[in-house]
Structures are given as C-alpha cells and as structure tokens.
Amino acid sequence: MRPLAPWRCAGRHDRAPELAAASIGRAHRAVTHDGQAVAVKVQYPGVAEAVEADLRNLGLFAPLVRRIAPGLDVRAVLREIRERIGEELDYELEAQNQRRVWRAWRGHPFAVVPGVFQDLSSRRVLVTELVEGLGFERVRKLPAAQRDRFGAIVARFFFANLAHLRLCLGDPHPGNYLRLPDGRVAFLDFGLVRTIPKDHLEREKSLAGAAIAGDAEGVKRAMAELGYLPDPASFDAELLLAQVRAAAGWMFERGRRRLDPRFVMTVLEEGGSPRSPFFAQMRRQTVPPASLLMRRMEGLLLSVLGDLRAAADWGGIVAEYVLDGDPVDELGRADAQFWSRHGGRSRAAAASA
C-alpha cells in the first residue's frame, strides 16, 4: 500500500481534517504522495467486534418477534439482517460495491459516484476520490426548486440502481449524498447493499404493477409468489391491495406531490404501525429476505424526501423504472438517454464484471 500523507491543518495539533462521523467510522480529507486528494473512511477500533457480538445475540429476540408477528419467518429474516450488517462492516466489500456502481454511472449527467482507491483500502479503511458539496442540512434551506431537483435525483438514483444493476442500496441516509456546485448529486455510501435475484425483482415489479393498476387479485398472486403470504388462501385480495397502497401509494399515484413530515408520519402509521387498520393481517405475513432491504430503502427514502419537503411526480418516476414508462421530466429524459447511449443493461453487466 502506498502511504497517505494527511493534509495539514493550522493550529496547535496537526491532524487530518475530519469530513464526517458515522456510527461505525469517521471520514477524513487526505492526499496521496502523488498529489491526489482523497477521502479516507476509518472504522472505529473494536466496533466490528462489538457489532458482531450483538448480531450473534439477535436470536434471543426471536420468541418476542414471533409473538408480535406469528407469520414472520423469523429465522430467515434474522439471517438476512446478520448477513447484510456483517457485510457493512467490511470496507473491502464496500469498495467492490462502490466500484461496481461507479463503473455503471461514469459520465452520468446528474449523479456522481466517487472512484475507489482499492490498493489503498483495506477491511477497516476505505479510500475514495474526494468530492465536496452541500450536505443535507444546507440543502434543506435551499429554494424549493433546488430542493425538488435534489430530491428527484436522489429518488432516481436508488430506483435506477434496482432497475439497471439489480442493486438495492439499503441506506438512503441524508448524510450519504452531497449537492455539488453544478447541481449534480454525489452518492457516498455503499456498505449496505444487496444484489436482488432477477426472478425475484421481476415478481416485485409485477406486484408494483398490479398495485398501480388497482388489480387486487394480481397483488395477492404476486405477494404469494414472492413469499409474503404463508397461507395465501386466508388473505383477502382487496385488503391486501389496500395495505400495499397505504404503505407505498406515494410511489404509485401519478401527479406532482410535495412531501412533508406529516405525510410521512401518516404513511408510517397506516402502512406499518400497530395502529394501522391492516395490522392484524400484517401479523400473519412475512417478509422474503430478498425484499427486506428494498422495503427499508423505500421507507428511508420517503423519510428523506419528506424532510426535504421535495415535490415531484413520484409515481411517474417510479413507473419509469418499474414499468418502463416514458420519462416524466427533463431528469428522466437525461437519465434514459444516458442508459440508452451507454448500452442500457449491457452497461450494468459490464459494471459487475
């Protein structure tokens, strides 16, 4: 490994300037000996061992979870959680994930993924290109038009990775993107990632398509095929459609909508809380492991967009990636041209090579 020389700060103690702090590590500015400015994410000492110990104890909660949700396949869900979080602790895996996404998105008109210095990275240290821009708290204070564009770019990035790469990026945390001076958005974190099997993703698209069309029997059939319904015959199709639309209607309903925290709370209450009118039937359902991170991504993305108070045709945006719908705005047209010009899904295959 080539050594890194930190940027010096004026002051009594010279140290590498800190960019950000997260739950398992800190990011710093630095510069390589050949003059390349980089961001260095360093994992806190001992955090991996502590988290792994906690993960080993997850099984202790299984009886309680079964009592709350008797239909849930607790063993499969806990195994998925252990695997995903365990992978998030390994920065070498994150470097591979980031490189895959970087290769697919190179030259994109509004989304930027920093390149990775794999020869400088290790299991506990990740070195990437340095990008600088406005963090989420400052973006929240921008005029509405700029917030709207930022929010639409963030949403498109997550749904496009699913559609083109079959990658679910499970951590749409507001600290994971920056608004660059030219209006593009840089995406920074690729630790919590899952590749969705092709057949499973197609069935999820069928579920979304049925919900968009108001096809109750189609929703029930897709949920049964995906594995959400341990006993499909015991579920009412119309109630299932209402449940899905309560939880995800913001992604399916066409027309421009400005999201806000109050709307987000309403969705969370109706779509997933014990006060939901659908809670009794949700207790009898399970979540397929391959879908768990997708549901997390959608929920966190909604929270971010609501906190941003962003407006867009969210249903139209999702339809572009789920139903191969026509672009609904200039961002959609630019995105479609990019993927078409660069070979569409063949570019995704190249990125994973």
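Residues numbered from 1 in each chain as written. Predicted model: local features only at pLDDT ≥ 70, side-chain atom pairs only at ≥ 80, totals over all residues. Heavy atoms only, no water.

When you look at the pattern of salt bridges in this model, what are you seeing that I'm missing?
Charged atoms that come close allow side chains of opposite charge to pair. Taken as a whole and judged by the stated rule, the model has 23 salt bridges. In this structure, R156 engages E320 in a salt bridge whose closest nitrogen and oxygen atoms are separated by 2.8 Å. Here R156, found in helix α6 (residues 144–165), pairs with E320, found in helix α13 (residues 314–322); they are 164 residues apart in sequence, far enough to count as distant. Classification of R156 by relative accessible area gives buried; the value is 0%. (Salt bridge = Lys/Arg side-chain N within 4 Å of Asp/Glu carboxyl O. Helix = DSSP H or I, 4+ residues; strand = E, 2+ residues; numbered from the N terminus. Buried < 20%, exposed > 50% of the residue type's maximum accessible area, 1.4 Å probe, protein only.)

Hey, could you run me through the confidence of the model for the protein chain in this one?
Detailed reading of the predicted model is not advised wherever pLDDT is low. Scored by pLDDT, the protein chain has a mean of 87; 85% of the residues are at 70 or more. In the predicted structure, residues 345–351 sits below a pLDDT of 50 and forms 17 contacts with residues beyond four places in sequence or in another chain. (pLDDT = per-residue confidence, 0-100. Contact = heavy atoms within 4.5 Å.)

What am I meant to see in the pairing of strand β4 (residues 37–43) here?
Residues in a regular strand point their side chains to alternate faces of the sheet. With five of seven residues buried, β4 is to be regarded as a mostly interior element. Pairing analysis gives seven bridges linking strand β3 (residues 25–32) to β4, with the strands arranged antiparallel. Directly across from A30, in β4, lies its bridge partner V38. Taking the residues between adjacent antiparallel strands as the criterion, β3 and β4 are bridged by four residues, where G35 takes a positive phi near 90 degrees. Of the strand pairs in this sheet, β4 and strand β6 (residues 125–129) are connected by five bridges, and their pairing is antiparallel. Across the sheet, V40 pairs through a bridge with V127, a residue of β6. (Pairing = 2+ DSSP bridges.)

Help me understand the packing of aromatic side chains in this model?
Centre-to-centre distance and the angle between the planes together describe a pair of aromatic rings. All chains considered together, the criterion is met by nine aromatic pairs. Ring centres of F157 and F187 lie 3.7 Å apart, and the angle between their planes is 10 degrees; on these two criteria the pair is classed as stacked. Taken as a pair, F157 in helix α6 and F187 in strand β9 (residues 185–187) lie far apart in primary sequence, 30 residues in all. Here the two residues F157 and F187 agree in accessibility, since each one is buried. Ring centres of F158 and F187 lie 6.3 Å apart, and the angle between their planes is 80 degrees; on these two criteria the pair is classed as edge-to-face. Of this pair, F158 sits in helix α6 while F187 sits in strand β9; the two residues are 29 residues apart in sequence, bridging distant segments of the chain. For F158, a relative accessible area of 4% translates into the label buried. Through a chain of ring-to-ring contacts, the aromatic side chains of W105, F150, F157, F158, Y177, F187, F338 and W339 assemble into a single cluster. Sitting above the plane of the W102 ring, R106 keeps its charged end 4.9 Å from the centroid. (Phe/Tyr/Trp six-rings, centres within 6.5 Å; stacked < 30°, edge-to-face > 60°. Lys NZ or Arg CZ within 6 Å of the ring centre and 35° of its normal.)

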